[in-house]
Number of protein chains: 2
Amino acid sequence: MYAAGGLAGIPAAGAVGTVPAASAVAQAAHAWTPPSGSDFHLAGRRGGKKVVIVGAGPAGLTSAYELQKAGYDVTVLEARHRPGGRTLTIRGGDSETDLDGVTQTARFGDGIYLNAGAGRIAQWMTTMDYIRELGVPYEVFTNANADAYLYNERTGSTPGNPTRYRTAKADVFGYTSELLNYATDQGALDARLTADDKANLKTFLRSWGSLDTSGAYTGGSNRGYASYPTAWEEHGTPLPGPDSLSAVLASRFGNYFPFETNWEQAMLMFQPKGGMDTTWQYMVKAIGKQRVEFNAPVTGVQNTPKGVTVTYEQKGRTKQVEADFAIVAAPAQLMRGWATNWGGAIDTALADFAIGSAAGKIGLEYQSRWWEDDHRIFGGITETDLDLAHIWYPSYGYGERTGLVVGYYNTGASARTYAALSPKDREARAVEQGVKIHGERYRSELRSSFSISWDKVPYIQGAWAYPRTGTANFALLQQGVGNTFFAGDWMSELSAWQHGAIWSARYAVQALHAKAAAL
Amino acid sequence: MYAAGGLAGIPAAGAVGTVPAASAVAQAAHAWTPPSGSDFHLAGRRGGKKVVIVGAGPAGLTSAYELQKAGYDVTVLEARHRPGGRTLTIRGGDSETDLDGVTQTARFGDGIYLNAGAGRIAQWMTTMDYIRELGVPYEVFTNANADAYLYNERTGSTPGNPTRYRTAKADVFGYTSELLNYATDQGALDARLTADDKANLKTFLRSWGSLDTSGAYTGGSNRGYASYPTAWEEHGTPLPGPDSLSAVLASRFGNYFPFETNWEQAMLMFQPKGGMDTTWQYMVKAIGKQRVEFNAPVTGVQNTPKGVTVTYEQKGRTKQVEADFAIVAAPAQLMRGWATNWGGAIDTALADFAIGSAAGKIGLEYQSRWWEDDHRIFGGITETDLDLAHIWYPSYGYGERTGLVVGYYNTGASARTYAALSPKDREARAVEQGVKIHGERYRSELRSSFSISWDKVPYIQGAWAYPRTGTANFALLQQGVGNTFFAGDWMSELSAWQHGAIWSARYAVQALHAKAAAL
């Protein structure tokens, strides 16, 4: 039984797997009240029920952390040598061997790191709450920068011409405002707009589009300058342009802008100081290091009359652990290779989530911060139609002597192209293209690199699964099987986000607790 | 004489006061090469010419710093008790007495500060170069946040309804995209657009405005949620709305958006860690503390046959210092009260810049970070049509227990309204209005406050003067008078910015050096 009134958003006991009412969830999203020790006490038990959690990524660790707060005895088994899962921060000395047997060891200097997986947190995400609860210091993640570049080789009147975001925005917003202002003046919107609407619209457009008194867009300060105004009578050197309306539309730069207003991506965003995995290192400490076993890959999970038996490998030996419950927070494709007695329906359901997508990143360590010195880009992301897709400038270490740029962050076919290359060849390909945008220092200042291909990382084998939350198979997995429950970002509304992993853990913990309380 | 080829952007000797060629300035804006000691040496002198600089704000300190690097013997006289001028950071224990005799002493806790004046730096600004050169640590200043509010009492169908930026943007961009898409489909733009243009435009609008397949805007995720999606099948609770096209236009929220694409204000922006005046504290240290005299208000600057004589007060005594040159980096209205022999034309020219505008800020220190906890706003600015104008959430101290919000930052009539009140009444008025947006915790969590009215600060007496850089009077001031030169943000293209003050100093230093070299 639940203690009355305490647990926002928890389905009634016995109704695990049903959809909580929207109002309860609305509350839960803002104030998480996990199962607490007193629930056990009120139910006449002393707590201490044992739970094995498989996986020390965000979903597994959150499960262990919340269950432990509620008085459960938790053990986490992690196949890899470190916590965090795809929240992976690579620092100098870190070593990873991929499924092909290729080993890379990062040679980064002190304080330099690559967030090889999860890289950003929106301020509304629950990840922020754990960061705060654990006392992790954090700072702004620079997801958008007016001075970063847009670079399209395949479109536009001047393909391959790096253009600052601010310039592209001024031109796109300028011309589209001009067009809408023109259409309004021509009476084309008379059926849609009152006189007041028109006046309000025109006021907005004039300002938003920097239109002149005739309603035309002709450029202006917001495009930026070749040389900015200084003092005395130096009004600055304008950039060439703007290009024609047709050319600006043909550049397709505007198609990059919606990213900045996207609900998951809009600034401000944040990152833990020192690397994204810091959160999960803190959480391991909070749970107790002795409760988290590394290099302990699970090979079987069996439901038993008394609970669960989990089989794993450690130091060349096969071990087993008995527990009252298990939460399995591992990639679905891995689970399908284990010895389980979950039955065919669960295996079929897992197959729905067993397709890990391809994604890759490379960290390029530089001996200078040329992007700050030469380009005056302090953080942010350059967008391209090259196969490197995105280039991230670092959101940390401003003003230091050295730094690290994410030279590609790509998915799908582009990711597979790079995955097929050796680390050295990935570096060469990334640099070859980055030079087109940034010039030769992109090559000459390079000190070292480290690249990841997520489908080649042992025990992870993919970047993310796409959620199929409306399906019968999903509903089956929500219920778990016997005393075993499932968690992971792929069981959330936000696959590939720590927020999703955390919430999937919260739901799994609630379902487990409901079952424990009803025992 | 100048050393050949070294000094980008410097007018030829003897032509001080003429306009440097745009190309030279374009170069200078990216790579500042100040006068150097070797210039003196090449000219057959040993350096050591003495310069008195009046004012330890950004213009004065930059002048002293650059001249000292070039081998000059510098003394800075500052009327106030601290460096930085309007780059003023108020920390716990700091005390200020205004021109009315009202003293405030900040009771802020450790690590809490108010940047009472200069508050942000665009990444292209030269301020960044000095921060880096001096080794000042810095961090992102959060000039824009999708989760900050817009609040208009005087307009809209639902006046006084706080709306998140992200919601307002989704609605304004949604409806304006719908209108332009509609006008395009109606053929209203056939005279302006080719078929390719139309296709490119419609692709952009569909994405930018989140239009549905019929071309209509009906809301969507980018508006944000009452409760965000979590896991299992919880798709989140949408916000009510969107309101009608007419209501969205009538809200006039869109008129706040151009700020984010403005050339001076577009993100990313930065601030020194620990307070904006840190830069100038570092610069005082670089110049040598013994060379900067505080509490030393100047009362006269006289050109003499040998150079200049500067008269000032210190510890109740009138003192004089002789020097070869002076750079006066003080507010123009102050200079007009001094004993000078600059002549009537200079006095008339100074009068053009002697109108200090009104501006005020209040720092509200809170015992919790309710804006982060309750509103999930981590930094950024809320815009209003109230007389408090802007509310700034702090860009530092994330996740700490306490923090400081700028409760108003206003100018003109609104600033004068607050200036006329006692500090306690300013606080009461600011809180009264902030409560409308944030609820009662805006009042109940308040711990202390500190407010500033720039026109009441001794020896400053105004927020900023508007530049009139095209005038004959401005040209006169550029030339200086005798061996005296002028500097200050008001002598730049960017009044009210540290960048402007710095560049005015660079020009003054160049003019002085040209004259010294020609002696």
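Here the residue numbers are simple positions, counted from 1 along each chain's written sequence. Lettering of chains starts at A and numbering of ligands starts at 1, both following the order in which they are written. Side-chain atom pairs in this predicted model are given and counted only at pLDDT of 80 or more, local residue features only at pLDDT of at least 70, and totals for whole chains, interfaces and linings cover all residues. Side-chain figures throughout are based on the complete set of non-hydrogen atoms in the structure, without hydrogens or water.

Engineer: How would you sum up the overall build of chain A? Please name residues and give values.
Structural biologist: A run of H or I in DSSP counts as a helix once it spans at least four residues, and a run of E counts as a strand once it spans at least two, with each numbered from the N terminus. When you go through chain A residue by residue, the secondary structure sums to 17 helices and 25 strands. Considering only C-alpha atoms, chain A reaches an extent of 80 × 60 × 45 Å along its principal axes. When the 519 residues of chain A are sorted by exposure, 61% land in the buried category. It only takes one pair of heavy atoms within 4.5 Å for two residues to be counted as in contact. In chain A, the share of contacts with a sequence separation of at least 24, taken over all contacts with a separation of at least 6, comes to 69%. Classification of residues uses two cut-offs on accessible area relative to the type maximum, computed with a 1.4 Å probe and protein chains only: under 20% is buried, over 50% is exposed, and between them is partly exposed.

Engineer: So what about the interface of chain A and chain B? Which residues, and what values?
Structural biologist: If you look at the interface, chain A gives 100 residues, while chain B gives 101 residues. Throughout, buried area stands for the accessible area (probe radius 1.4 Å) lost by two parts on being put together, summed over both. Summed over both sides, the interface between chain A and chain B buries roughly 9,300 Å², with carbon and sulfur atoms accounting for 59% of that surface. Three residues, Arg132, Trp232 and Arg376 of chain A, lead the burial of chain A against chain B; their summed loss comes to 11% of the area buried on that side. For this document, the term salt bridge refers to a Lys or Arg side-chain nitrogen within 4 Å of an Asp or Glu carboxyl oxygen. Counting the contacts that link chain A with chain B gives eight salt bridges.

Engineer: Would you mind going over the packing of aromatic side chains in detail, with residue names and values included?
Structural biologist: When we look at a pair of aromatic rings, we describe it by the centre distance and by the angle of the planes. Put simply, two rings from Phe, Tyr or Trp (the six-membered ring, in Trp's case) pair if the centres are within 6.5 Å, and we call them stacked under 30 degrees between planes, edge-to-face over 60, tilted for the rest. For the structure on display, the rule yields 66 aromatic pairs over all chains. A centroid spacing of 6.0 Å and a plane angle of 50 degrees characterise the contact between Trp503 of chain A and Tyr507 of chain A, whose relative ring orientation is tilted. One end of the pair, Trp503 of chain A, and the other, Tyr507 of chain A, are both in helix H17 (residues 498-518), four residues apart, so they sit about a helical turn from each other. Here Trp503 of chain A matches Tyr507 of chain A in class, with each residue buried. Summarising the aromatic geometry, the rings of Tyr366 of chain B and Tyr442 of chain B are spaced 5.7 Å apart at their centres and angled 55 degrees between planes, so their arrangement reads as tilted.

Engineer: Describe in detail unusual backbone geometry, supporting the description with residues and values.
Structural biologist: Pro242 of chain B follows Gly241 of chain B through a cis peptide bond whose omega is 5 degrees. The backbone of Ser210 of chain A shows a phi angle near 50 degrees, a positive value even though the residue is not glycine. Here Ser210 of chain A shows up in the loop between helix H6 (195-208) and strand E11 (225-227).

Engineer: An account of the domain arrangement of chain A is needed here, citing residue identities and associated values.
Structural biologist: Assigned domains within chain A: domain 1 (50-81 + 294-354 + 464-518), domain 2 (91-148 + 267-274 + 357-456) and domain 3 (165-251). Taken over C-alpha atoms, the centre of domain 1 of chain A sits 54 Å from the centre of domain 3 of chain A. A domain assignment, automatic or from a database, supplies the domain bounds used here.

Engineer: Quick one: what's the story with the side chain of Arg223 of chain B, residue by residue and with numbers?
Structural biologist: Residue and element names in this part refer to chain B. By secondary structure assignment, the location of Arg223 is in the loop between helix H6 (195-208) and strand E11 (225-227). Classification of Arg223 by relative accessible area gives buried; the value is 6%. Distance and chemistry together define a polar contact, namely a pair of N or O atoms within 3.5 Å, with one atom able to donate a hydrogen and the other to accept it when in protein, and with adjacent residues in sequence counting only for side-chain atoms on both sides. At 3.1 Å, the side chain of Arg223 forms a polar contact with the backbone oxygen of Pro240. Not counting residues within four places of it along the chain, the set of residues in contact with Arg223 comprises Arg166, Thr167, Ala170, Asp171, Tyr217, Leu239, Pro240, Gly241 and Pro242.

Engineer: Any details on the sheet that holds strand E18 (residues 325-328) of chain B? Residues and values, ideally.
Structural biologist: All names here are of chain B. Across the sheet, which stays open at both edges, the five strands sit in the order E14-E2-E1-E18-E25 with parallel pairing between neighbours. Only two strands of the sheet have a single partner each, and these edge strands are strand E14 (292-293) and strand E25 (484-486). Bridge analysis of strand E1 (residues 50-54) against strand E2 (residues 73-77) gives five bridges, and the strand direction is parallel. Directly across from Val52, in E2, lies its bridge partner Thr75. A fitted line through C-alpha atoms serves as each axis, taken over the contacting stretch for helices, and the angle formed by two N-to-C directions is quoted from 0 to 180°. Running at roughly 165 degrees to E1, helix H3 (residues 58-69) makes contact with E1, E2 and E18 of the sheet. Along the sheet, helix H17 (residues 498-518) makes contact with E1, E18 and E25, crossing E18 at roughly 165 degrees. Here, strands pair whenever DSSP counts at least two bridges between them.

Engineer: Tell me about the nonpolar core, and please be specific about residues and values.
Structural biologist: If you look at the biggest cluster of nonpolar residues, it comprises 222 residues, and the most contacted ones within it are Trp338 and Trp342 of chain A together with Trp338 and Trp342 of chain B. Filtering out sequence-adjacent residues up to four positions away, Trp338 of chain A remains in contact with Val54, Val298, Thr299, Gly300, Val301, Val328 and Ala330 of chain A. By nonpolar core is meant a set of buried Ala, Val, Leu, Ile, Met, Phe, Trp, Tyr and Cys residues that side-chain atoms within 4.5 Å join together. Grouped together as the second largest cluster of nonpolar side chains are 92 residues, Leu179, Trp370 and Ala430 of chain A together with Tyr442 of chain B included.

Engineer: Give me the packing of helix H4 (residues 127-134) of chain B against helix H9 (residues 278-287) of chain B: which residues, what numbers.
Structural biologist: All names here are of chain B. Contact geometry for H4 and H9: axes closest at 10 Å, N-to-C directions at 55 degrees. Comparing the axis directions of H4 and H9 gives the class oblique. Note that H4 runs across H9; the crossing there is left-handed. Of the residues in H9, those in contact with Tyr130, Ile131 and Leu134 of H4 are Thr279, Tyr282, Met283 and Ala286. When residues are grouped by polarity, Ala, Val, Leu, Ile, Met, Phe, Trp, Tyr, Cys and Pro land in nonpolar, Asp, Glu, Lys and Arg in charged, and all others, Gly among them, in polar. Per-class residue counts for the contact of H4 with H9 are six nonpolar, one polar and no charged. These descriptions rest on fixed angle ranges, namely under 35 degrees for roughly parallel, over 145 for roughly antiparallel, 65 to 115 for roughly perpendicular, and the rest for oblique. For any helix crossing, the convention is left-handed if the near helix is rotated counterclockwise from the far helix by under a right angle, and right-handed if that rotation is clockwise.

Engineer: Please set out the pattern of salt bridges residue by residue, giving values where relevant.
Structural biologist: Residues and elements named next belong to chain A. Counted by the stated rule, this structure contains 56 salt bridges over all chains. Asp489 is the partner of Arg86 in a salt bridge, and the nearest nitrogen-oxygen pair spans 2.5 Å. Of the two residues, Arg86 sits in the loop between strand E2 (73-77) and strand E3 (89-91) while Asp489 sits in the loop between strand E25 (484-486) and H17, which places them 403 residues apart along the sequence. With relative accessibility at 28%, the residue Arg86 sits in the partly exposed group. The salt bridge partner of Arg447 is Glu365, with a shortest N-O separation of 3.6 Å. Remark: Glu365 occurs in strand E20 (residues 359-366) and Arg447 occurs in strand E24 (residues 446-453); sequence separation between them is 82 residues. Of the residues examined, Glu365 reaches a relative accessible area of 0% and is grouped as buried.

Engineer: An account of the pairing of strand E17 (residues 317-323) of chain A is needed here, citing residue identities and associated values.
Structural biologist: Looking along a regular strand, one sees side chains alternate from face to face of the sheet. Residues and elements named next belong to chain A. Alignment of strand E16 (residues 308-314) against E17, held across seven bridges, turns out to be antiparallel. Looking at the pairing, Val310 lines up with Val321 of E17. Hairpin geometry of E16 and E17 is characterised by an intervening segment of two residues between the two adjacent antiparallel strands and by a positive phi of about 50 degrees at Lys315.

Engineer: So what's going on with the sheet that holds strand E18 (residues 325-328) of chain A? Residues and values would help.
Structural biologist: All names here are of chain A. Here five strands make up an open sheet; going across it, the order is E14-E2-E1-E18-E25 and the pairing parallel. The sheet terminates laterally at strand E14 (292-293) and E25, the two strands that pair on one side only. Alignment of strand E1 (residues 50-54) against E18, held across four bridges, turns out to be parallel. Bridging from a neighbouring strand, Val51 pairs with Phe325 of E18. Taken strand by strand, H17 contacts E1, E18 and E25, and its axis lies near 165 degrees from that of E18.

Engineer: So what's going on with H4 of chain B? Which residues, and what values?
Structural biologist: Residue and element names in this part refer to chain B. H4 sits mainly inside the fold: six of its eight residues count as buried. Burial in H4 covers these residues: Thr127, Met128, Tyr130, Ile131, Arg132 and Leu134. Just beyond H4, the residue with positive phi is Gly135, at close to 80 degrees.

Engineer: Summarise the relation of the copies chain A and chain B; cite the residues concerned and give the values.
Structural biologist: Between chain A and chain B, which share one sequence, the superposing operator has a rotation angle of 180 degrees and an axial displacement of 0.0 Å; the RMSD is 0.0 Å. As the rotation angle and translation indicate, the two copies are arranged about a two-fold axis. Take the interface residues of chain A: 100% of them recur as interface residues in chain B, which is what a same-surface contact looks like. Least-squares superposition of the copies uses the C-alpha atoms of those residues scoring a pLDDT of at least 70 in each of them.

Engineer: Before we move on, could you go through the environment of Glu264 of chain B and cite the residues and values that matter?
Structural biologist: Residues and elements named next belong to chain B. By the secondary structure assignment, Glu264 is in the loop between helix H8 (258-261) and strand E13 (269-272). Counting along the chain gives 116 residues from Glu264 to Gly380, while the straight-line C-alpha distance between them is 16 Å. Not counting chain neighbours up to four residues away, the residues in contact with Glu264 comprise Ala122, Trp124, Met125, Met269, Leu494 and Trp497. A distance of 3.1 Å separates a polar atom in the side chain of Glu264 from a polar atom in the side chain of Trp497.

Engineer: Give a detailed account of H9 of chain B, specifying residues and quantitative values.
Structural biologist: Since there are 3.6 residues in each turn of an α-helix, residues three or four apart along the chain are aligned in direction. Within H9 of chain B, burial applies to Thr278, Thr279, Trp280, Met283, Val284 and Ile287 of chain B. Positive backbone phi, at 110 degrees, marks Gly288 of chain B, one or two positions downstream of H9 of chain B.

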